[in-house]
Amino acid sequence: MTQQTLQEPQPFHDIRLVAFDADDTLWDNQSHFEDVEKAYGDILSAYGSAQDVSDALFRVESANMPLLGYGCKAFTISLVENAVKYSGGNISANDILRIVDLGKSLLSLPAQPLPHVEETLHTLRRSGKYKLVVFTKGELLDQQNKLVRSGLTGFFDDIVVVSDKTRSEYTRLCQLFDTDISRTVMVGNSFRSYIEPVLQLGGYAVHIPFHTTWKHEATQEYDHQHLRRLRNISELTQLL
């Protein structure tokens, strides 16, 4: 991606819809995946180093994404597929079961809200100025269940789960809330998946980096007139 020219930020005017990513924006998600991957590396340690296992797994995940998308179920299939391939078919059925259990454990992760999330959502909701929506990628049931476990459901007007953040999905999101992209702000931790797409469509974005990032989300970042970077989500209330 070509580095774009630095641009002076513009004020956020007449925002009607605030869309939030879920994982690693509202609650910790990536750390749990990393814990599973570490345990997975231990299971496959007889066949190679943890780094080599991780690299092989990422290649399998990347190849599967066009068919399986994102989320725990897709990840679990990739864990099993990679284990069989990486071990040359020698991994035991018992170890396959252990790997499946690791993947399934992600379906019940705590979804504890990150610091300042609840009070920020409470302030935005109480203002009455905005519609609030969870707009995220992944598997529908898993994301819905995480939102319920987080205890944040009451702050949002809806949860919209898509396979990817495309132009048509943003258009549908705006239609759902009777607004347009120029009055929409996307709040998320991933520049690649949540920030760049909405900027390209003419919307606004708030980037709140998380302390760890999935390697698939790595990309070159840049400044933009419609972009703000915050240290934590509590600063969002002042911005809006």
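Definitions and limits used
Sequence order as written defines residue numbering, which begins from 1 separately in each chain. Totals for whole chains, interfaces and linings use every residue, but because this is a predicted model, local features are given only for residues with pLDDT of at least 70 and side-chain atom pairs only at 80 or more, for both listing and counting. With hydrogens and water set aside, each side-chain value is computed from the structure's full complement of heavy atoms. With a 1.4 Å probe rolled over the protein chains alone, any residue whose accessible area is under 20% of its type maximum counts as buried; one over 50% counts as exposed, and the rest are partly exposed. Starting at the N terminus, helices and strands are each numbered in turn, a helix being any DSSP run of H or I of at least four residues and a strand any DSSP run of E of at least two. By definition, a salt bridge exists where a carboxyl oxygen of Asp or Glu is found within 4 Å of a side-chain nitrogen of Lys or Arg. Criterion used throughout: strands pair if DSSP finds at least two bridges between them. The convention used is that axes are lines fitted to C-alpha atoms, helices contributing only their stretch in contact, and that angles between N-to-C directions extend from 0 to 180 degrees. By definition in these notes, contact holds between two residues if any of their heavy atoms fall within 4.5 Å.

**With respect to helix α8 (residues 191-200)**
Helical periodicity: at 3.6 residues per turn, an α-helix aligns residues three or four positions apart in one direction. For α8, a buried count of eight out of 10 residues is recorded, marking the element as mostly surrounded by other parts of the structure. Buried within α8 are the following residues: F191, S193, Y194, I195, E196, P197, V198 and L199. Positive backbone phi, at 100°, marks G202, one or two positions downstream of α8.

**So, the pattern of salt bridges**
This model, assessed by the stated rule, comprises 12 salt bridges. In this structure, the salt-bridge partner of R125 is D157, at a minimum N-O distance of 2.8 Å. Of this pair, R125 sits in helix α5 (residues 117-127) while D157 sits in the loop between α6 (140-150) and β3 (158-162), placing them 32 residues apart in sequence. Judged by its relative accessible area of 32%, D157 is partly exposed.

**Details of the sheet that holds strand β4 (residues 184-188)**
If you trace the six strands from one edge of the open sheet to the other, you get β3-β2-β1-β4-β5-β6, paired in parallel fashion. Looking at which strands have only one partner, the edges of the open sheet turn out to be β3 and β6 (227-229). Mean inter-strand twist for the sheet, computed between neighbouring axes without regard to direction, equals 20°. Pairing geometry for strand β2 (residues 131-137) and β3, over five bridges, is parallel. Note on β3: the bridge partner recorded for F135 is V160. Lying on the sheet, α6 is in contact with β2 and β3; it crosses β3 at an angle near 150°.

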